[in-house]
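For reference, the chains in residue letters:
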Amino acid sequence: MSARTLAESVPPVADLPESRQPRQVKRFSGLWERSQTLIPTLAALVLLFGMLIYAEVAYGRVFHAGTMSTLLVSFAPTIILAVGMTIVIVSGGIDLSVGAVVAFSSVAGVMLMNIGINGWLSMLLMIGFGALFGLISGVMIQYFNVQPFIATLAMMFLARGLASILSTTPVVVAEDSPLLLLATDWKIIDGPKVNDFTITPGLLIAVLVVLGGIFFMHRTRMGRTVYAIGGNESSAQLMGLPVARTRVWIYVVSGALAGLAAIVYTAEVGGKAQNVTGIGWELDAIAAVVIGGTLLTGGYGYVLGSIVGVFVLAALRLIITKDGTINPEYLTIITGAVLLVFVLLQRVLTRRRAD
Amino acid sequence: MSRVKTALRTPWFWAIIGIAVLLLINTIKNPAYLAVSVNPTTGMLTGNVLDILRVSAPIIMIALGMTFVIATKGIDLSVGSMMAVGGAVAMETLSTLNDPTSVGAMFTAIGLALALAIVLGAINGLLVAVVGLQPFISTLIMMMAARGIARVITDGQNTNATNEPFRQLANGQILGLPTSFVIAIAIVVIIALFMRRTALGLMIESIGINPHASRLAGIRPRPILFGVYILSAALASVGGLFSVSEVMTVSVSGTGNLMELDAILAVVIGGTSLAGGKFSILGSTIGALLIATLNKTVLFLGIPAAATPAFKALVIIVLVLLQSERVRSFAFGRSKTKGTPPGPPKPTVDRSAPVSKEKEVVA
């Protein structure tokens, strides 16, 4: 079989000047398209710096090591949740259970520590509880065709209810619990007076989760499968990607991260856990993801964008608390308005892409 | 035999069984649970069953609105916040007018509450029908914003007011039934007749099944979507009025909190598919009654009210599993379908249903 194939027998035409041009145009349009998916994220970044600069000019003491580190530390649990939510939303799903899972994990974990289970083991179990809730939603979604919205809603009810059955009053860990080590202040920059840049192990965990999330989404096969499921599930299936396994994993990861957020949060508030913790946190996480430029229809989005989204929410809260004249009653209205602007921006961009 | 089979497949049949089981549990705990007696001082009937009917009125209202929204393949997460807005407007109006016996003040309060709800519902409709946002996200934004609006209306306070006619909404009785329940059922019947005796219900369903095809068939989706979200907001506002009239106080963070989930749950229990295109008003009403019964039962058994969500979760999980292809083929011995990946939602809608459902609604 030495005969050449038909394709080989056709002389190459790559040198023709006409053929080069379209390729270049194509490359430019590809670049343009890719940069368009970045526009919402860039817009969020611009808005964030605008807000911070405005706050600095209007109220002062914003670009200030003390303020910045307090803000970062208090938003560490939200950052962890936002990473998990990004993965879920990129896959075209939604996880409404995270806030309630935080409540259940923290109450259950603190109770375990109080009955004498080793603190580190209890923390592992807290992550395990979160992962278990995620596993149940994942299995319902993948194998029983339940909509993600409903499955995670059920888990939200279940986790909140179980947390309340465990205890409706706050439970507190012992003073010597290793959990509290996670809230140790590490002074990174020793500034004048109270202007120190301090971080806690909890914040470090959040940073590691962000790095892990970026690595997972952009450098692993499973991460690419997540994008593929969100883009077009049937295509992903036909390409032979492990859709079923990946989807269950997505929810397990989201649940486990909620468990981790519970550890960080409980440590931060001095080891106090309550069944009403985390009400509305899923909305914060979803808002952060949306502001960060991830499309709710799935397939597009960046973990770092969601982190920018968390910071936008944090800056909003900072401005409202610094400015005494804005009624705190307006907080949710303003958050809603910011969210609306970003969703509209996304809408304009996706409409153009569809044309 | 086939009749029994049809009944077994009707989702709200299971809801009725559920209500019966819950009532049975309560009766076992206290044999006098179902008893209804006359209160000697007020001359009104009292009893646990009447309590259940009274607390079900707001849930019936939001579930009714949610039914139509879900039938268009949408979702309205803002109903709970909308209840708070309705309650806040009413309480603020009544406390400003402050005439404890005036019927006029009551109607002013109700009118203003409805008007604001219609405006907010129209914004939802605008975002969904004209801008083309996903219903989930537009109503999520409205959920956050409306809760804030309720706070702004009352200045963040839990406002209370006195107005006897308004208080009678929940605490009065008509023919021995709680007034709010009677009004709620009247609204349900009127809307059911309107939906099923005109083509409106069919149009809503057709948009839920395939908006593109229904547009080609000459149905204009925009006004219908607008109408559906306005209706949902207005009904939620009425639900808010019912729930504040019971205590004559609006709690800006508590009124209607998480009630959107109750509404969705009631609709799902009633057999309306979340994939859109099919709705059952009777089913949603029975679903709302089941939730009200569940709430009361949990309290009656001495379990902390905060634990109720766990029981609701069990109800949801059992129901969605019963509705899933995999369990059905296993339980009802249908030809075994291969493990189908979720993928695009399958049109499980029975196209011949509307005719038979019409009877169902009237019955």
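Conventions and cut-offs
Residues numbered from 1 in each chain as written. Chains lettered and ligands numbered in written order. Predicted model: local features only at pLDDT ≥ 70, side-chain atom pairs only at ≥ 80, totals over all residues. Heavy atoms only, no water. Helix = DSSP H or I, 4+ residues; strand = E, 2+ residues; numbered from the N terminus. Contact = heavy atoms within 4.5 Å. Areas by Shrake-Rupley, 256 points an atom, 1.4 Å probe, with all protein chains shown as cover. Expected span 1.5 Å × (residues − 1). Buried < 20%, exposed > 50% of the residue type's maximum accessible area, 1.4 Å probe, protein only. pLDDT = per-residue confidence, 0-100. Buried area = accessible area lost by both parts, 1.4 Å probe. Salt bridge = Lys/Arg side-chain N within 4 Å of Asp/Glu carboxyl O.

*Asks:* Please give an account of the overall build of chain B that cites residues and values.
*Replies:* Of regular secondary structure, chain B possesses 16 helices and four strands. Contacts spanning at least 24 positions in sequence make up 77% of the contacts within chain B whose residues lie at least 6 apart. Accessible surface computed for chain B: about 15,300 Å², of which carbon and sulfur atoms make up 68%.

*Asks:* Help me get a handle on unusual backbone geometry, residues and values and all.
*Replies:* Phi is positive for asparagine 145 of chain A, which is not a glycine, with a value near 60°. Looking at where asparagine 145 of chain A falls in the secondary structure, it is placed in the loop between helix 6 (119-143) and helix 7 (148-166). Its identity is not glycine, yet aspartate 155 of chain B carries a phi of approximately 60°, on the positive side. Here aspartate 155 of chain B shows up in the loop between helix 6 (135-153) and helix 7 (164-171).

*Asks:* Any details on helix 11 (residues 243-268) of chain A? Residues and values, ideally.
*Replies:* Taking 1.5 Å of rise per residue, 26 residues should cover 38 Å, and helix 11 of chain A covers 37 Å from first to last C-alpha, within 8% of that figure. Counting buried residues along helix 11 of chain A, 20 of its 26 residues qualify, which places the element largely inside the surrounding structure.

*Asks:* Residues and numbers for the confidence of the model for chain B, please.
*Replies:* Residues and elements named next belong to chain B. For chain B, per-residue confidence averages 82 on the pLDDT scale, and 88% of positions sit at 70 or higher. Scored below 50 in pLDDT, residues 335-363 shows 39 contacts in the model against residues more than four places distant or in partner chains. The ipTM assigned to the predicted complex is 0.77, against a pTM of 0.81.

*Asks:* Describe helix 4 (residues 79-97) of chain B, naming the residues involved and giving the relevant values.
*Replies:* Over its 19 residues, helix 4 of chain B extends 27 Å from the first C-alpha to the last, a length consistent with the 27 Å expected when each residue adds 1.5 Å. With 15 of its 19 residues buried, helix 4 of chain B lies for the most part within the structure.

*Asks:* Tell me about the interface of chain A and chain B, residues and numbers included.
*Replies:* Contacts between the two partners involve 47 residues from chain A, matched on the other side by 51 residues from chain B. Buried surface at the junction of chain A and chain B, summed over both partners, amounts to about 3,900 Å²; 79% is from carbon and sulfur atoms. When the buried area of chain A at its contact with chain B is split by residue, Phe144, Phe157 and Glu329 of chain A rank highest and sum to 16% of it. For the pair chain A and chain B, the interface holds zero salt bridges.

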